[in-house]
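# Understanding the architecture of this molecule
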Amino acid sequence: RAHVGAHLAYWWVMGLLLLVASAYALRSFSWRCLVLAHAPGLLVHLQLARSLPESPRFLLVASQTERAGVVLRRVFAANRAAPPEPLCLQQPPAHDGGRSTISQLWRRDLRRSTVVIGLTQGVCTMTFYAITFDDRLNRLAGSLYTGALLGALVELPALVALAPATDSLGRRAAYTAFLLSAAAALLSLHLCVAAGGGAPLAITAVLAGRFASVAAVNVAYIVAAEIFPTLCRNSGIGWGSGCGRLGAILAPLIMTSAGAPLLLFAALCLVAAASVWALPESGGRVMPDVPCSERVSGCKQAPSPLESPRSTRCVSPIRAATAPRTTAHRTPPRLAPA
């Protein structure tokens, strides 16, 4: 899951590099020309969004087993593998339902995670945009375009280190390490600017803060996706992203109005790093489908709808679909009955 999250973020970096190149090429024109130059990309996104398949896991939780089977058969076909017959899928645990997905974020067993996700993602996104788009910090590199280019390039090693760090250290430890690194970079930058240090030291501090903050932002998305159950996962990710957008709005206001904004951001990163340990560790664990407080009395958490219990010889349909083609000639494994 961490590797997938990092690979998705690579496209963000490619977009930043394209933005820097096009902004430099159109530097003699109005900013409106830059906006118009990137407008056709929105039309491409609309078409790509239509081609995305629905999540089989979500369809199972929504009791749309037939649609989930259709999507999984397309996965098998795309990977040139034969699906096991019959294709039986495990049903998620029963739940009482009746509440909107947004209100489920504030259930007793999810309330603390909702608050912490909102706080931490708001802080790390605020820090990222304060470092990225503050004109004074960018011009430390000599020009706005050079600073933006260096900032975009430093995000690549941050994303490369993201998956190994979160898988080996755990989600909480890696999240904390990135937030503490961002705080240390902001403190170093404040001391360097206050003491009138040279540009190389300031640029190093800016790039270190950019490295740590972009890694923390992407860990936040991974943690939010793993902690919230399938029934309200989209709402949980949207909640964290919304808090991040609020932080992005406040970042330039704080940079221009606060007396020591870098110290304030460093202190917020320390608070966020401490609050991360109020979250449950989600690395390497089966993601829940239904909140504990919403399950029917006496109903235990079943394995993932796309994963089989260890006590049986069943395999995940996704794993079977992505297996080498030679496995299609073997006797297909028998999945757990619905």
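Each remark here, short or long, concerns the structure printed above.
This report concerns the structure included in the present document. Being a predicted model, the structure only gives us computed values, none of them experimental. (Residues numbered from 1 in each chain as written. Predicted model: local features only at pLDDT ≥ 70, side-chain atom pairs only at ≥ 80, totals over all residues. Heavy atoms only, no water.)

Below, the discussion takes up the environment of Ala-161. Mapped onto the elements, Ala-161 comes out in helix H9 (residues 144–169). Between the alpha carbons of Ala-161 and His-3 there is a distance of 9.9 Å; along the sequence they are 158 residues apart. (Helix = DSSP H or I, 4+ residues; strand = E, 2+ residues; numbered from the N terminus.)

Right, let's talk about the pattern of salt bridges for a bit. By the definition in use, this model includes four salt bridges. Residues Arg-171 and Glu-226 are paired through a salt bridge, measuring 2.8 Å at the closest nitrogen-oxygen approach. Of this pair, Arg-171 sits in helix H10 (residues 171–194) while Glu-226 sits in helix H11 (residues 199–227), and the two are 55 residues apart along the sequence. The exposure classification of Arg-171 matches that of Glu-226, with both residues buried. (Salt bridge = Lys/Arg side-chain N within 4 Å of Asp/Glu carboxyl O. Buried < 20%, exposed > 50% of the residue type's maximum accessible area, 1.4 Å probe, protein only.)

Before going further, it helps to spend a moment on the nonpolar core. Counting 54 residues, the largest nonpolar core has Cys-124, Tyr-175, Phe-178, Leu-179, Leu-186, Val-223 and Phe-265 as the members making the most contacts within it. Going through the elements one at a time, helix H1 (2–25), helix H7 (111–133), H9, H10, H11, helix H12 (233–257) and helix H13 (261–275) are the ones with two or more residues in this core. With 14 residues, the single largest contributor to this core is H11. Residue contacts for Tyr-175: discarding those within four places in its chain leaves Thr-120, Gln-121, Cys-124, Ala-216, Val-219, Ala-220, Val-223 and Val-276. (Core = buried A, V, L, I, M, F, W, Y, C linked by side-chain atoms within 4.5 Å. Contact = heavy atoms within 4.5 Å.)

In a regular helix each residue adds 1.5 Å, so 23 residues correspond to 33 Å; H7 covers 33 Å between its end C-alpha atoms and thus fits that length. Among the 23 residues that make up H7, 18 are buried, leaving the element largely enclosed by the rest of the structure. (Expected span 1.5 Å × (residues − 1).)

Per the counting criterion, the structure on display carries four aromatic pairs. Arranged with centres 6.2 Å apart and planes meeting at 55°, the rings of Trp-12 and Phe-128 form a pair that is tilted. Separated by 116 residues along the polypeptide, Trp-12 in helix H1 and Phe-128 in helix H7 bring together distant segments of the chain. Relative to Tyr-129, the ring of Phe-128 lies with its centre 5.0 Å away and its plane at 80°, an arrangement referred to as edge-to-face. Tyr-129 matches Phe-128 in its accessibility class, with the two residues each being buried. Within the aromatic cluster, the residues linked to one another by ring pairs are Trp-12, Phe-128 and Tyr-129. (Phe/Tyr/Trp six-rings, centres within 6.5 Å; stacked < 30°, edge-to-face > 60°.)

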